[in-house]
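# Coordinate analysis (summary)
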Protein chains: 2
Amino acid sequence: MTKTATPPSPRTQIRRVRERGHYDQKTIESIAQESLVCHIAFADDQGVHCIPTACWVDRGNLYIHGSNVSCMIMALMAGEASVAMTHLDGIVLARSAFHHSMNYRSVVAYGKFEKVESESEKMESFEAFIEFLSPGRWSQVRQPSRNELAATTVLRLPLTEAAAKIRSWGVKDDEADMHQAVWAGVIPLSMEAGKPEPDAGCEHMHAPQQPSSGA
Amino acid sequence: MTKTATPPSPRTQIRRVRERGHYDQKTIESIAQESLVCHIAFADDQGVHCIPTACWVDRGNLYIHGSNVSCMIMALMAGEASVAMTHLDGIVLARSAFHHSMNYRSVVAYGKFEKVESESEKMESFEAFIEFLSPGRWSQVRQPSRNELAATTVLRLPLTEAAAKIRSWGVKDDEADMHQAVWAGVIPLSMEAGKPEPDAGCEHMHAPQQPSSGA
């Protein structure tokens, strides 16, 4: 398995707890690909904003979409952004308060979003989004009309200036605390799909496959 | 039940899909209180950053912590920030691609983090954090030493300039698409705790209560 080693840039270099940092494209994309939601930091004349939005990954790019008149979409076309995708995988309960921690996989990416200009690429990106939400669904739904496409802006960020951070291990207590009479270990956490809730008229149809991902 | 109505500021006013916006303190705090992780947007001389970090809420304030020498902690003491907490509650699968959506509860807050200066308030805030991770645990763990307290910075953001956004309903398709032969409905999503994974020596002890929260 080849890994594309992306050297960290000054702003993607992990400085705290360096053993959690990963810069290879495979790790970065695998974490991003599982994300249904990302958080985007950007600045405008009101200061910095942190806004959650739906996302999907296709061929090494992170995609988001929004109304043409969304303040965030307009600000992202004007300036740089930072995007984070985070999966919380567990709570690490240590014997000392100080060593409590969390297991997680996160990616932080930097760059300027590009507008997807062509109607055909916009359509392909929506196909990738719907297929991500529910594999096989694109051919079954009513596809976007020209008016719907025209009202929506799709933005793309190449995941090139990015770093992943992963903690995926157990408790790390100090030797001096090992006698402490308290349970220590990891409570795993994961995003789970519940029983599908059909819309009126769909009660007797087969519910689709669950999404392939966490949050 | 009284609600404190917080009038939206120019930057917390929800402009897109206004019926999803909520500005009362009760709604804002209830969403924030369930969050184990927040995403923080801030700017420094390298531009904007979006960084995930652990968080907890105590008496109307959002708390985070980090090493005294963390770049983020230092930047947050110097300037304004925006913080988002998001719970993904479901995927809304519509009959038309355009009306696919997500159910979620999110809070976006603005302001400048304040440093918790006193050792006693720092200790109280850690107690609130450990009790949030696992109720009843604070009295059982080895509590922070003076050196550990001194190495850690705790920051607090009052949740006063904040807005919540909630989508919690089913499919909203256009009348013209209701004949489309595809399952439509909501796939609920939730963060679930798995089987506790005890550290060496804790296999025969009772695992603690699950965290009271989602992500």
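Conventions adopted
Residues numbered from 1 in each chain as written. Chains lettered and ligands numbered in written order. Predicted model: local features only at pLDDT ≥ 70, side-chain atom pairs only at ≥ 80, totals over all residues. Heavy atoms only, no water. Pairing = 2+ DSSP bridges. Helix = DSSP H or I, 4+ residues; strand = E, 2+ residues; numbered from the N terminus. Contact = heavy atoms within 4.5 Å. Axes fitted to C-alpha atoms, helices over the stretch in contact; angles between N-to-C directions. Buried area = accessible area lost by both parts, 1.4 Å probe. Salt bridge = Lys/Arg side-chain N within 4 Å of Asp/Glu carboxyl O. Polar contact = N/O pair within 3.5 Å; in protein donor to acceptor, adjacent residues only side chain to side chain. Phe/Tyr/Trp six-rings, centres within 6.5 Å; stacked < 30°, edge-to-face > 60°. Buried < 20%, exposed > 50% of the residue type's maximum accessible area, 1.4 Å probe, protein only. pLDDT = per-residue confidence, 0-100. Least-squares fit on C-alpha atoms with pLDDT ≥ 70 in both.

## Brief notes about the sheet that holds strand 8 (residues 114–115) of chain B
Residue and element names in this part refer to chain B. Spatial strand order, 4-5-9-8: four strands in an open sheet with antiparallel pairing. Every other strand in the sheet has two partners, leaving strand 4 (56–58) and strand 8 as the edge strands with one partner each. Pairing of strand 4 with strand 5 (residues 61–67), which is carried by three bridges, proceeds in the antiparallel orientation. Bridged to Val 57 within strand 5 is Leu 62. Packed onto the sheet, helix 2 (residues 71–78) meets strand 5, strand 8 and strand 9 (152–158) and runs at close to 135 degrees relative to strand 5. Against the sheet, helix 3 (residues 119–133) makes contact with strand 4, strand 5 and strand 9, and its axis sits at roughly 80 degrees relative to strand 9, the strand it touches most.

## Topic: the interface of chain A and chain B
Taken together, the 86 residues of chain A in the interface contact 86 residues of chain B. When the two sides are added together, the surface that chain A and chain B hide from each other amounts to roughly 7000 Å², 66% of it contributed by carbon and sulfur. On the chain A side of the contact with chain B, Val 48, Arg 142 and Trp 183 of chain A bury the most area, a combined 11% of that side's loss. Seen at the junction of chain A and chain B, the total is six salt bridges. Asp 177 of chain B is the salt-bridge partner of Arg 142 of chain A, the closest N and O atoms lying 2.8 Å from each other. The tally of links between chain A and chain B comes to 35 residue pairs in polar contact (both at pLDDT 80 or more).

## Here we look at the environment of Cys 55 of chain B
Residues and elements named next belong to chain B. Note on placement: Cys 55 falls in the loop between strand 3 (47–54) and strand 4. Remark: the alpha-carbon pair of Cys 55 and Glu 203, spanning 148 residues in sequence, is separated by 29 Å. Setting aside anything within four residues of it in sequence, one finds Cys 55 in contact with Ser 35, Leu 36, Val 37, Cys 38, Leu 62, Tyr 63, Ile 64, Phe 129 and Phe 132.

## A word on the packing of aromatic side chains
All names here are of chain A. Inspection of the entire model under this criterion finds six aromatic pairs over all chains. Their ring planes at 10 degrees and their centres at 5.8 Å tell us that Trp 56 and Tyr 63 sit as a pair that is stacked. Here Tyr 63 falls in the buried class, since its relative accessible area comes to 4%. Cluster of aromatic residues (ring-pair linked, three or more members): Trp 56, Tyr 63, Phe 126 and Phe 129.

## Overview of the pattern of salt bridges
This structure, assessed with the given rule, holds 28 salt bridges over all chains. A salt bridge links Arg 59 of chain A to Asp 58 of chain A; the nearest nitrogen and oxygen atoms lie 3.2 Å apart. Linking Glu 80 of chain B and Arg 11 of chain B is a salt bridge whose minimum nitrogen-to-oxygen distance equals 2.9 Å. Placement of Glu 80 of chain B in the loop between helix 2 and strand 6 (81–93) and of Arg 11 of chain B in the segment before strand 1 (21–22) is noted, with a sequence separation of 69 residues between them. Among the residues examined, Glu 80 of chain B registers a relative accessible area of 41% and is labelled partly exposed.

## Points about unusual backbone geometry
Excluding glycine, most residues fall at negative phi; most peptide bonds, likewise, are trans. At Arg 59 of chain A, a position not held by glycine, the phi torsion is positive, near 45 degrees. Note on placement: Arg 59 of chain A falls in the loop between strand 4 (56–58) and strand 5 (61–67).

## Points about the confidence of the model for chain A
Confidence in the prediction for chain A averages 93 pLDDT; 94% of positions are at 70 or higher. Under the prediction, the complex receives an ipTM of 0.94, its pTM being 0.94.

## Let's talk about the relation of the copies chain A and chain B
These two copies of the chain differ by a rotation about an axis and a displacement along the same axis. Once chain A has been moved 0.0 Å along the axis and rotated by 180 degrees, it coincides with chain B to within an RMSD of 0.0 Å. The superposition operator between the copies reduces to a two-fold rotation axis. Proximity to the rotation axis, assessed at the C-alpha, singles out Met 191 of chain A in chain A; its C-alpha lies 2.2 Å from the axis. Of all interface residues in chain A, 100% are interface residues in chain B too; the two copies therefore contact each other through one and the same surface.

## Describing the sheet that holds strand 9 (residues 152–158) of chain A
Residues and elements named next belong to chain A. Ordered in space as 4-5-9-8, the four strands form an open sheet in which the pairing is antiparallel. Two strands in the sheet have a free side with no partner beyond their single neighbour: strand 4 and strand 8 (114–115). Where strand 8 and strand 9 come together, two bridges link them in antiparallel fashion. The partner of Lys 115 across the bridge, within strand 9, is Leu 155. Here helix 2 (residues 71–78) sits on the sheet in contact with strand 5, strand 8 and strand 9, set at roughly 135 degrees to strand 5. In the packing of helix 3 (residues 119–133) onto the sheet, the strands contacted are strand 4, strand 5 and strand 9, and the crossing angle to strand 9 comes to about 80 degrees.

## Here we look at the pairing of strand 3 (residues 47–54) of chain A
Residues and elements named next belong to chain A. Counting buried residues in strand 3 gives six out of eight residues, a clear majority hidden from the surface. Judged from the eight bridges that link them, strand 2 (residues 37–44) and strand 3 form a sheet pairing that is antiparallel. Residue pairing for strand 3: Ala 41 is matched across the bridge by Cys 50. Where strand 2 folds back onto strand 3 in an antiparallel hairpin, the turn is made up of two residues.

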